[in-house]
Protein chains: 2
Amino acid sequence: MNTTGRVTLPIEVGIDDEVREMMHKLGADAVRNSDGTHLPDLVHELAAKVYSTYFPARGDQEWAVDNPDTTPHIFLQSNRTPATGGPLTINVMDGYLREQVEPQTEVDLSRYWQVIDRTTGETVASEAWRLDGTELVIIDEPVLGHVYTVNFLAKQIWDSTQMYNYITNNWDEDPTRVKERPYDNRLPQVWDRVQSELDRWLADHPEVDVVRFTTFFYHFTLVFNEHRKEKYVDWFGYSMSVSVAAMEEFARVYGYRLTPEDFVDEGYYNCAFRVPSDRFRDWMDFIGDFVTSRVRALTDAVHASGKEAMMFLGDNWIGTEPYGPRFAETGLDAVVGSVGNAATCRMIADIDVPYTEGRFLPYFFPDVFNPEGDPIAEANESWRMARRAIVRSPLDRIGYGGYLSLALKFPDFVDRIGEICQEFRDIYDAAEGKSPRSASVRVGIINAWGTIRSWQTHMVAHALPYEQTEAYVGVIEALAGLPFDISFLSFEDVLNGALENIDVVINVGEAGTAYSGGRYWADPQLQAAVRAFVARGGGIIGIGEPCAYSANGAFNQLSDVFGIDREQSWSLSTGRYPRVIDEHFITDGEGEAPLSLDARGGARYWVPVVESVDILAVNGTSVEAAVHSYCDGRAVYLSGLPYNQINARILTKAIFWAAQAEDEYLSTAHSVDPRVDVATYDSGRQLVYNSSCERVNAKIVKNGEISEVFTLNPYESTWID
Amino acid sequence: MNTTGRVTLPIEVGIDDEVREMMHKLGADAVRNSDGTHLPDLVHELAAKVYSTYFPARGDQEWAVDNPDTTPHIFLQSNRTPATGGPLTINVMDGYLREQVEPQTEVDLSRYWQVIDRTTGETVASEAWRLDGTELVIIDEPVLGHVYTVNFLAKQIWDSTQMYNYITNNWDEDPTRVKERPYDNRLPQVWDRVQSELDRWLADHPEVDVVRFTTFFYHFTLVFNEHRKEKYVDWFGYSMSVSVAAMEEFARVYGYRLTPEDFVDEGYYNCAFRVPSDRFRDWMDFIGDFVTSRVRALTDAVHASGKEAMMFLGDNWIGTEPYGPRFAETGLDAVVGSVGNAATCRMIADIDVPYTEGRFLPYFFPDVFNPEGDPIAEANESWRMARRAIVRSPLDRIGYGGYLSLALKFPDFVDRIGEICQEFRDIYDAAEGKSPRSASVRVGIINAWGTIRSWQTHMVAHALPYEQTEAYVGVIEALAGLPFDISFLSFEDVLNGALENIDVVINVGEAGTAYSGGRYWADPQLQAAVRAFVARGGGIIGIGEPCAYSANGAFNQLSDVFGIDREQSWSLSTGRYPRVIDEHFITDGEGEAPLSLDARGGARYWVPVVESVDILAVNGTSVEAAVHSYCDGRAVYLSGLPYNQINARILTKAIFWAAQAEDEYLSTAHSVDPRVDVATYDSGRQLVYNSSCERVNAKIVKNGEISEVFTLNPYESTWID
């Protein structure tokens, strides 16, 4: 039993003895600094790898202040402003934080600013408006009763993450803190400086083994309002990768020009929930090419100095796309990211890189580590959620972040994370770096994004809950801990024959989003490909508003396959006779109470449209669960699947049923109680783990026979040989 | 005090004494027969008007059976059928009741049948399919994975109402009953026969004063499935007005041909919730012209015989359109209809005809008049709901229907409806045929239909509740009993300046429906007209999904006006900071608890999109009520308004607030408790009525001062002089 390794500890200056003790307690084999802490001299003597943060887009503030014309840019949209009589004046900065962004007026305004009539969708001729000062746009003769917006180019004058930390921690009162200014690595003078500074820094820091890039060049979209609160946050957003230089280079390479509106996107800013336009995809590729080649230059320099290059999955990660086609070219040795639940854990663990590390919660920050806080509860919850994913696809390492001195004041917490670190090592060692046995069923999640957004669908801000998406992101959360071979496929992949290697297709999301698919479903070839896949024996699971595109008498373009469609109030006149069946494999409790779907937050008013569909659950007129046999295949409809253990079990059984593999489910060791998971390794060992906060009497069955019965405490796991 | 008049009693043979006694008890001044009852000889001596039912589309069954080629027709759609390999055979009758409809194959199939690829929306060339027998359509080379339907012409071989009664009452076991066959008055031989038969019948029935047409020529759409259950019922549907003769005549008059798809409408059959196509409107006009002129011929004949012509608003009412432009030309003396609630009551009462009559519930049928039934409760409920409308726009008469002999077994019921009849007369007499004082606020409900669907919006089957529409039909139900001048305006009316005579506009309904407006809101001129109306001081109230059309960065095309828009999941990244305010005129309880909106079934995920909007109620992230001042006008958003007394009061106050007429509300006598309504007549008399089933302590206030306090029993009303 290894009691050391695979754990990274945040350390700081002035508590050398405690650092040594904690390293022993957690079995840590690496140390790191955090934002605002420094590595103590002690690191020279520790038998551990040393990580150090490195900021290629804002680490060099002295230089940044001396070179103010090097900021990256962003296209922003003004408020929607109605013309209610006379000339219309729009202050583009209304609603924005002047500390963060500043209109860029030293550009060709006719190209880099754009006034749009949002009532007609038409761009207003640049001769028809003028700029007064740096913020006021005046349209002399607007159309009465129309609404106008201004798309404008703005400089990023305050780094978004540092701004967030600064404001959140109220650093206005701390004279040692300045507002950090980002710089754009596309500019030759920036890039020269960044390269030479990195070389210098590498030489100056022999004690550092791992350069933890935080991160590279372009921040995800994070814009504050004039009240210093979040106005727009998109963890996947490319809006902050803009500059005149980039726009001109794009035009040269791609042969056409992008406009401000290609970024503003009616105000939706190409959010990942939008069905992406071809122009936006081109921009992603363009930025990806640039970022990949520049990251490679940095990792080459790191390797040349004998160190490793690690990327933090966050902050300025835009353009790296760990699931994109060029990620291998970055030369990175590792990726580390924050683990909030199973989905975010899988998002990190499944990245194809030499090693991955998950930073666990809670962060050692005063918001939790105070007399009212309950850091043990947070650690347990984080572990309970993440462990489901870790079992299926092990992270290589875990770690913590923040101020160690704070955590030390909570000795029970320290004991508990010591246990968690050991449990993590045990799982890793038992698996020997491999996953436990998977089911034979190959699952393909199909949406407009495909592979590039693997494990990232329906996320808004990283792992934060959103009422409107919980019923759909729950599917990803559930799958992250389930024993299936899972692929994320784009509709283009489907058209190119990807379903030949898939047993069960899942389409989950809200109508009109990239995840359901929106206008893609207007494509007869896509419909025919998926319909034929099911007809010849495939399985399909639709959750929420699958295959949704209102056309030709259907909202669900595969309504014949599912037997369920959205009632758009255009066929309320049609009699519906839902045939609710009492028993079904999917909801069967195997001797206990039937599994009851919690479809909270899911789609409403999806109704039966063929006689042959079996309804498993209905709420008023809204079907919550239904199954339908279709030619040689099977379809399952669920109106929503927020994550919980019962829902995860329902999804598991729905997948087996859709794949016509009920026998496989029954003949694989599993717990009757859905709160308990069982993972069986090739060695024959079984890990049985309680993924709930309740005490559970677990009954392990196989082929209908009970093999084990025991009690598990909340969060407890145990091994069976 | 009049104790007689304005009441119609259903009578029957063999209970002459009881008829006389009941006439006295109810103060009835008219008698009628019902479906399945005959007028007794007694009618010759009664001092009462005599109504007799008359059926111009099915009353002459002997002739109908001898002339089987005279049925009206209907276009139907087959099941959506996928092509999963090889030739595709579709049995068009699958799902239909062969007793009711029969494919019409003796027509030019290439014109009157139509095969459509519902995956592409394209019509399949008639050479590419063939008919085998009378029901099977074979497509030899369908596209694999596409879905096909057949639009086919079918004969109506069983009258829909008689079918409904026959099946519901199980007349299969009654040898005296036959299945009645409808005939199409467009055919010359039918029309000749119907005219001559009416003349003969009028001459033969001197005892009849009022011919109660039940109704005219074309039934609303009512199609049964193969299990003899309702498959499709649309009280407004024109599908059953079809024939080859009509189609050819239409082509001649309008200069273009309609296709089967113009009726099938992707399977939605031009349901009233669909934004109507121009082609369907043309058909309505075409049928309306025909029906109006033919009705006029019948009413002329009735008048020539010295009798009155009354129309039953139901069954074969299609093409009469009581709120259409040609209704006055019908020459009708009266309209009678079934009253289920306030909205249906107003729908009848507001028709511009010499007199209107409401048939009250319960119908004297065994389903209620049995030992387990509670006919008094039904009478109270019907009266409680209808009285709100009657006070505002008096019906001229009320009546009952069914078998009098059944009602006589419930003497308490007879007493209760005697009271109701007297209360009705008292209200009518106090009003002297006029309405009580209205508020000064003129309300315009704007939707795709306008006037022609006055009081008919969001109804599916007549007055039956539908989960998906209750939050919207509740607005109509509330308005039917409120003291406002109410118009129903089409978007064309709005474009033609109708808002000049309106103070507050209401747009209510679900996105994509004719009631919200769907694609109409893509029209910049409509947006500009309504936006400018509010900007210059008008009021607007949006309920559910107002002004909804996803385009140009908004779902609610007047999102700037309301300050609220639907979160389509494309802007989840945008921070929302709903400012919930504690007090507002609209929800103020005037000393009692604040008024709490019940928005059950309403829209979800409508969120604040401007800073200046005041939120009155929010549920999770979904705004339920909000107010917004916009230039010189005001906007109110409510996510839904199912009918109840508190919601009706909230709507009342929202209208006054939107009109900037709060003072008028406060200075008009009203009850603090929303369950009690107050109507003030020009005479100065006030009717105070409890529109709830609870005992209420009513406090009448005016200008903040209490004028009266008293207790009202459930349903009770009282007069104040």
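Scroll up to find the structure.
In this report, we go over the structure that sits alongside the text. These numbers come from a predicted model, not from an experiment.

### Details of the interface of chain A and chain B
Here is step 1: The interface of chain A with chain B comprises 66 residues on the first partner and 66 residues on the second.
Here is step 2: Buried area between chain A and chain B, summed over both chains or domains, comes out near 5,700 Å², and the portion from carbon and sulfur atoms is 49%.
Here is step 3: In this structure, R566(B) engages E510(A) in a salt bridge whose closest nitrogen and oxygen atoms are separated by 3.5 Å.
Here is step 4: Scanning the region where chain A abuts chain B turns up 39 residue pairs in polar contact (both at pLDDT 80 or more).

### A few points about the pattern of salt bridges
Here is step 1: For the coordinates displayed, the defined rule picks out 98 salt bridges over all chains.
Here is step 2: The salt bridge involving R576(B) is made with E567(B); its shortest N-O contact spans 3.1 Å.
Here is step 3: Among the ionic contacts, a cluster of salt bridges with common partners joins D60(A), R193(A), E197(A), R200(A) and D204(A).

### Remarks on unusual backbone geometry
Here is step 1: Note the cis peptide between T214(A) and T215(A), where omega equals -20 degrees.
Here is step 2: As for its position among the elements, T215(A) is in the loop between β13 (210-213) and β14 (221-224).
Here is step 3: Residue L361(B) is joined to P362(B) through a cis peptide bond whose omega torsion reads 0 degrees.
Here is step 4: Secondary-structure assignment places P362(B) in the loop between β18 (355-359) and α10 (375-392).
Here is step 5: Even without being a glycine, S569(A) presents a positive backbone phi close to 70 degrees.
Here is step 6: Note on placement: S569(A) falls in the loop between β26 (564-566) and β27 (606-608).
Here is step 7: Phi angles above zero are rare outside glycine, and N270(B) is one such case at about 55 degrees.
Here is step 8: Looking at the element boundaries, N270(B) is found in the loop between α7 (260-264) and α8 (278-304).

### Describing the relation of the copies chain A and chain B
Here is step 1: Superposing chain A onto chain B takes a rotation of 180 degrees plus a shift of 0.0 Å along the axis, which leaves an RMSD of 0.1 Å. This pairing of chains is accounted for by a two-fold axis. When each C-alpha of chain A is compared by its distance to the rotation axis, R604(A) comes out closest, at 5.0 Å.
Here is step 2: Mapped onto chain B, 100% of the interface residues of chain A again fall at the interface, so both copies present the same surface.

Reading guide: rules and limits
- For every chain, the first residue of the written sequence is number 1, and numbering continues from 1 onward in sequence order.
- Chain letters start at A and ligand numbers start at 1, both assigned in the order the entries are written.
- A pLDDT threshold of at least 70 governs which residues receive local features in this predicted model, and a stricter bar of 80 or more applies before side-chain atom pairs are shown or counted, although totals over entire chains, interfaces and linings include all residues.
- Each side-chain value is worked out from all heavy atoms of the structure, with water and hydrogens disregarded.
- Residues are treated as being in contact if the distance between any of their heavy atoms lies within 4.5 Å.
- Two parts lose some accessible area (1.4 Å probe) when they are put together, and adding that loss for both gives the buried area.
- Here, a salt bridge means any side-chain nitrogen of Lys or Arg that lies within 4 Å of a carboxyl oxygen of Asp or Glu.
- Counted as a polar contact is a pair of N or O atoms within 3.5 Å, where, for protein atoms, one must be capable of donating a hydrogen and the other of accepting one, and residues adjacent in sequence contribute only when both atoms are in side chains.
- Each helix is a run of DSSP H or I of at least 4 residues and each strand a run of E of at least 2, with the numbering of both proceeding from the N terminus.
- The superposition of copies rests on a least-squares fit of C-alpha positions from residues with pLDDT of 70 or more in both.

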